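An overview of the molecular structure
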There are 6 protein chains.
Amino acid sequence: MFIYDKKLQYPVKIEHPNPKLASIIISQYGGPDGELGASMRYLSQRYSMPFDELKGVLTDVGVEELGHLEMVGALVHQLTRNLKDSQIEGTNFAPYFVDHTAGVYPTAASGFPWSASSMQVKGDPIADLTEDLAAEQKARVTYDNILRLSDDPDVNNVIKFLREREIVHFQRFGEAMQLLREKLNQKNVYYMTPAIDI
Amino acid sequence: MFIYDKKLQYPVKIEHPNPKLASIIISQYGGPDGELGASMRYLSQRYSMPFDELKGVLTDVGVEELGHLEMVGALVHQLTRNLKDSQIEGTNFAPYFVDHTAGVYPTAASGFPWSASSMQVKGDPIADLTEDLAAEQKARVTYDNILRLSDDPDVNNVIKFLREREIVHFQRFGEAMQLLREKLNQKNVYYMTPAIDI
Amino acid sequence: MFIYDKKLQYPVKIEHPNPKLASIIISQYGGPDGELGASMRYLSQRYSMPFDELKGVLTDVGVEELGHLEMVGALVHQLTRNLKDSQIEGTNFAPYFVDHTAGVYPTAASGFPWSASSMQVKGDPIADLTEDLAAEQKARVTYDNILRLSDDPDVNNVIKFLREREIVHFQRFGEAMQLLREKLNQKNVYYMTPAIDI
Amino acid sequence: MFIYDKKLQYPVKIEHPNPKLASIIISQYGGPDGELGASMRYLSQRYSMPFDELKGVLTDVGVEELGHLEMVGALVHQLTRNLKDSQIEGTNFAPYFVDHTAGVYPTAASGFPWSASSMQVKGDPIADLTEDLAAEQKARVTYDNILRLSDDPDVNNVIKFLREREIVHFQRFGEAMQLLREKLNQKNVYYMTPAIDI
Amino acid sequence: MFIYDKKLQYPVKIEHPNPKLASIIISQYGGPDGELGASMRYLSQRYSMPFDELKGVLTDVGVEELGHLEMVGALVHQLTRNLKDSQIEGTNFAPYFVDHTAGVYPTAASGFPWSASSMQVKGDPIADLTEDLAAEQKARVTYDNILRLSDDPDVNNVIKFLREREIVHFQRFGEAMQLLREKLNQKNVYYMTPAIDI
Amino acid sequence: MFIYDKKLQYPVKIEHPNPKLASIIISQYGGPDGELGASMRYLSQRYSMPFDELKGVLTDVGVEELGHLEMVGALVHQLTRNLKDSQIEGTNFAPYFVDHTAGVYPTAASGFPWSASSMQVKGDPIADLTEDLAAEQKARVTYDNILRLSDDPDVNNVIKFLREREIVHFQRFGEAMQLLREKLNQKNVYYMTPAIDI
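Residues numbered from 1 in each chain as written. Chains lettered and ligands numbered in written order. Predicted model: local features only at pLDDT ≥ 70, side-chain atom pairs only at ≥ 80, totals over all residues. Heavy atoms only, no water.

1. Side note on the arrangement of the chains
Rules: Any two residues having at least one pair of non-hydrogen atoms within 4.5 Å are treated as being in contact.
Separated without contact, chain B and chain E have their nearest C-alpha atoms at a distance of 13 Å. Between chain C and chain F there is no contact; the minimum C-alpha to C-alpha separation amounts to 13 Å.

Now the structure itself:
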């Protein structure tokens, strides 16, 4: 079970509203490579992952990603607080506003709701860990792209922290893969034995 | 941020594998009225909800639903452990198996991946709380239906616990709505003032 | 069966084309809380709803929502008639135009086609009526948001009429819920008896 | 606007419950080639269709399809009334039941909710009418396939009526296309002039 | 099987980057009426199509559409090469950029990923060929609309070539339909015999 | 552009119809980890991939996957030829049959149409190649699972060939990643430099 600690993993304090920027950052909330997908992917893959160390990695990272989801939500919320109508009308934020006012909804920047189609739980430890390595790289690129489009230091500060964590997770999943290979028997050295037989 | 406590909110101990039953129960993991949707709905609605008491209700219930998601995942996992091929072939579980082996993936019983289309964050406290009341009723009905199709006491025990909690949440959201009405000014008594002006 | 009466429930006469505004209003045609969803939700829920009075409410409101769908379609159509290319190029309407020219297609403002994922028919009268209360509130908020982004009186006039009707429907569903509670036996006072047993 | 006439276009009276058959027939309610899509396609295409005769055909057929949607809903409802648990458990109907009890929900037989992705409004009369011809053929095939899988005369009677109507609609759209060609100027004889210029 | 010939069917040489235009043209890559859908529709329909001549038409056109997909991809790629951040920020291209940088991803202009919901394989030759006629008309309209929004001769040159090919395909499918009618027996003259019996 | 060679990469000759097995194998046609996704992923990622050798790998593998898609389609087709109604009714194949007769449609075994949501083109070479490694592992597991559920040697023969090719592709993408790392400058050794700057 989960316990809530009433603080963010890293503080989010945005001074200047910027709905256009919010409508880009939302992709790390509910986009295909965002934090909702990350947390649900890892927390779901735990059940069929063999070996306690590997289950532990998925749990640790999954729980941390829930905290990142919360941070991204805080970013979007603070960038869209106390808006005047003139800050909404005719901007890229208007279509979002009409459906969600200034609520935080899990959608991609391009406008479609998050779907579990963008993640997989394959029930095979090598396939699942390789998917996780890919997920971390894709999240890292999204943060790269946000940094290119934002010049607000309050925002970039947070995005850089989150980007850094994706790289750390990528390394943890790399180590997990290494551990898995060692644990698997020799026939699996070329990734050929079905996981269901482990 | 979130902290993981390495135990389930309520114990799950399934003796007899039953993939057919698992392929029904998965709907409370990733179906339209399931626990993934519940947790993401409440945790997302927090940001735009006015008044600390109401934010608190959404956080409390959202965090508890994450724990229910974990319990439903444990049910599905334990019902599909150590299966023989003959327990899969030709059953309703076979289509799931081909794509996810015995992994736990957020899908509806009828087979489509969870999508945020089935939830809303409207950025308006009355609309959001009414959606929450509806969500709890719909989850309650899904548990009713599972109880009709299952005669495994190990499973039903857990489902009854989860069903009970939905009713408690329904009541908490009812009280939250009451509190909201009291806090809103008189013009809102017929739900007519846009929330963005509160 | 349905009979068509060749007039709108409330007249729509738009003088000034405004594709940007049309690309927002389309959300009440095919968005998650729009009129297509409303009519299909109520007309579908009728079959499993007990008691003739309640079936009647769902039919009445469902049929009226079909007429609202038609009015929203007329709004979008009249706002996008006789456009010059320069009124399309580079605006928020351009992506819509490339796929639908000036046709009226059921899509959300943010760009994804309407999906029945955004509605539910739970086959349980309490769950279904609570969903309907939520749907009316969400539609009301969408109209609030359109009013914030539009200053065309020809449009706002129509939107205010539609918004008003959602509030009336909300009240009718509230009364329907009250009636249902009276009809259900005492055991159901806490919403605990499965509807399938009624 | 629409007026409801409290009778079906053609009577539906099913004696024997058959949830397995219902779980196939539902595809004509909410499947990709079903009646929900048909009615929404034609009623949406009206706005941009030139010439009153053609608008009239789309309205007529669209309104009739709403009545067919109602008939298919009645079929599904009557095939799933008063079920015992043993008639649900382990059948193809079980996944549907867990999410919708015995309610009528717009889904394909294969289990995914109806989506407007399966229809188009192209805002071009030739493209739209050709899509309509295709839609009628596809609906006709679905009814062919249901007839192959059902041996209940109460059901087949209704399905044959609906199938017959699709063929009539196909012919009406064929005549509409003929009329359109005559009305369009010579440059359009090879379908080459953009409709927006008509 | 397929063999790759390292040249485009028609040359694509774009001098001036134009991400806004790219974000419209992408709809012919991954939009509902685009080339991905076209190629997959025809190549999938082949299997159940009777008569070698008709299978041949579907294969020929399907393979050519793969080549058109490649050309549209080249257009999008060349229009988004070597962009400066200032050419992205605040434009319609920004939401796409955050998720795909300058990669070519199969999405509609309005922002949702390509889905096979927008195509059908009905396993019936008349239904499938009528769908193909509709598909070619819809693709033709999309190219019409792009031509209205673009004034870059490098682009329009290519779009005109692709548009021309859709008209040729429309005629080929028309001839295929004619051939099919001749081959089918008299009972089918009104499209009434199920294809599965041919 | 693409040229069609009228033979399969590996022969498919199925003696015994088996629609139940077909309804599982279809997942490698249009499921989330199937061949449609594989070919479209690699052929789309080519445009933004730096270095001719890497573009070449993506093209080679993408074109081969198109041929695998064709082989899987042939499997499904041959397993569903000349069926009697009694081989369809009440089986897992019935829902598919009602919508597609015996046509080959890109859907997952669990019943939802293929969607590009299950693939990504991130426009970053490391992210894209890691995604490709994951894709090959996931496809490999699907083939493992089909082999568990099939005892038809005509089928298994083909599935084993396809499974083997996924492992070869995994190795090719591994070598491509190695080559990429060598080509990238030292700052990228920890995957930290945005690809757009290469």
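Let's pick the thread back up.
2. Quick word on the packing of helix α3 (residues 35–45) of chain B against helix α6 (residues 125–149) of chain B
Residues and elements named next belong to chain B. Applicable threshold: Angles shown run from 0 to 180 degrees and are taken between the N-to-C directions of axes, each axis being a line fitted to C-alpha atoms and, for helices, limited to the stretch in contact. Secondary structure elements are taken from DSSP: a helix is a run of H or I of four residues or more, a strand is a run of E of two residues or more, and numbering for both begins at the N terminus. Should an angle fall under 35 degrees it is called roughly parallel, over 145 degrees roughly antiparallel, and 65 to 115 degrees roughly perpendicular, with every other angle called oblique. In this scheme, a crossing is called left-handed if the near helix is turned counterclockwise away from the far one by less than a right angle; it is called right-handed if the turn is clockwise. Only Asp, Glu, Lys and Arg are considered charged in this grouping, and only Ala, Val, Leu, Ile, Met, Phe, Trp, Tyr, Cys and Pro are considered nonpolar; every other residue, Gly among them, is considered polar.
Taken N-terminus to C-terminus, the directions of α3 and α6 make an angle of 165°; their axes are 11 Å apart at the nearest point. With respect to α6, the element α3 is oriented roughly antiparallel. Of the two elements, α3 crosses α6, and the hand of that crossing is left-handed. When α3 is examined against α6, the residues E35, R41, Y42 and Q45 are found in contact with a partner set consisting of D128, E131, D132, A135, E136 and Y143. Looking at side-chain class alone, the contact of α3 with α6 contains three nonpolar, one polar and six charged residues.

3. Looking at the relation of the copies chain F and chain B
The condition is simple: The superposition of copies rests on a least-squares fit of C-alpha positions from residues with pLDDT of 70 or more in both.
For these two chains of identical sequence, chain F goes onto chain B by a turn of 120° and a shift of 0.0 Å along the axis, with RMSD 0.0 Å. Both chain copies can therefore be described as sitting about a three-fold axis. A different interface surface on each copy is seen, since only 19% of the contact residues of chain F are contact residues in chain B too.

4. A short note on the relation of the copies chain B and chain A
Expressed as a screw transformation, the operator carrying chain B onto chain A has a rotation angle of 180° and an axial translation of 0.0 Å, and the superposed copies differ by an RMSD of 0.0 Å. The relationship between the two copies is best expressed as a two-fold rotation axis. Relative to the rotation axis, the closest C-alpha in chain B is found at S115(B), a distance of 2.1 Å.

5. Points about helix α7 (residues 153–183) of chain D
Going by this rule: The span you would expect from a helix comes to 1.5 Å times its residue count less one. Whenever a nitrogen or oxygen atom comes within 3.5 Å of another N or O atom, the pair is scored as a polar contact, on the condition that within protein one atom can donate a hydrogen and the other can accept it, and that pairs from neighbouring residues in sequence are kept only if both atoms are in side chains.
Between its terminal C-alpha atoms α7(D) stretches 45 Å, which fits the 45 Å expected from 31 residues at 1.5 Å a residue. With a side-chain oxygen lying 2.8 Å from the backbone nitrogen of D154(D), the N-terminal cap of α7(D) falls on D152(D).

6. Considering the interface of chain F and chain B
Worth spelling out the cut-off: Buried area: the accessible area, evaluated with a 1.4 Å probe, that two parts lose upon being put together, summed over both parts. By convention in these notes, a salt bridge is any Lys or Arg side-chain nitrogen within 4 Å of a carboxyl oxygen on Asp or Glu.
On the chain B side, the residues contacting the 16 residues of chain F number 16 residues. Overall, the association of chain F and chain B removes approximately 1,400 Å² of surface from exposure, summing both partners, and the carbon and sulfur fraction of that is 56%. Put simply, chain F and chain B have one salt bridge between them. Here D85(B) and R148(F) are joined by a salt bridge, their closest N and O atoms 3.0 Å apart. Run the count over chain F and chain B and you get six residue pairs in polar contact (both at pLDDT 80 or more). Contributing elements (two or more residues each) for the side of chain F that touches chain B: α1 (19–25) and α6 (125–149) of chain F.

7. As for helix α4 (residues 52–79) of chain F
What counts, and what does not: Burial classes follow relative accessibility: with a 1.4 Å probe on protein chains only, a residue under 20% of its type's maximum area counts as buried, one over 50% as exposed, and anything between as partly exposed.
Between its terminal C-alpha atoms α4(F) stretches 41 Å, which fits the 40 Å expected from 28 residues at 1.5 Å a residue. Across the 28 residues that make up α4(F), a large majority, 23, are buried.

8. What about the interface of chain B and chain A?
Taken together, the contact between chain B and chain A spans 46 residues of the former and 46 residues of the latter. Here chain B packs against chain A, burying approximately 4,100 Å² in sum over the two surfaces, 64% of which is carbon and sulfur. Contact with chain A buries area across many residues of chain B, yet M1(B), F2(B) and Y47(B) alone supply 20% of it, more than any other trio. Counting the contacts that link chain B with chain A gives two salt bridges. The salt bridge involving E70(A) is made with R46(B); its shortest N-O contact spans 3.3 Å.

9. What about the pattern of salt bridges?
By the definition in use, this model includes 72 salt bridges over all chains. Residue R165(D) pairs with E64(D) through a salt bridge whose shortest N-O separation is 2.6 Å. Separated by 101 residues along the polypeptide, R165(D) in helix α7 and E64(D) in helix α4 (residues 52–79) bring together distant segments of the chain. Take E64(D): its relative accessible area is 16%, and that puts it in the buried class. Here the salt bridges share partners, and the residues they tie into one network are D124(A), R140(F), D144(F) and R163(F).

10. Concerning the environment of N157(C)
Tracing the backbone through its elements, the reader meets N157(C) in helix α7 (residues 153–183). Looking at N157(C), its side chain comes within polar contact range of the side chain of Y10(C), at 3.3 Å.

11. Quick notes on the packing of α6(B) against helix α6 (residues 125–149) of chain C
As a packed pair, α6(B) and α6(C) sit with axes 8 Å apart at the nearest point and diverge in direction by 155°. Between α6(B) and α6(C), the crossing angle belongs to the class labelled roughly antiparallel. Relative to α6(C), the crossing made by α6(B) is left-handed. Residues I126(B), A127(B), T130(B), E131(B), L133(B), A134(B), Q137(B), K138(B), R140(B) and V141(B) of α6(B) pack against I126(C), A127(C), T130(C), E131(C), L133(C), A134(C), Q137(C), K138(C), R140(C) and V141(C) of α6(C). Residues of the contact of α6(B) with α6(C), tallied by class, amount to 10 nonpolar, four polar and six charged.

12. Some details on unusual backbone geometry
Residue N82(A) is not a glycine yet carries a positive backbone phi of 55°. Position of N82(A) relative to the elements: it lies in the loop between α4 (52–79) and α5 (94–100).

13. Considering the environment of V104(C)
Here V104(C) is to be found in the loop between α5 (94–100) and α6. A residue is classified by how much of its surface remains accessible, and V104(C), at 0% relative accessible area, is buried. Those residues in contact with V104(C), other than ones at most four positions away along the chain, are I26(C), Y29(C), G73(C), V76(C), H77(C), Y96(C), S44(D), Y47(D) and V121(D).

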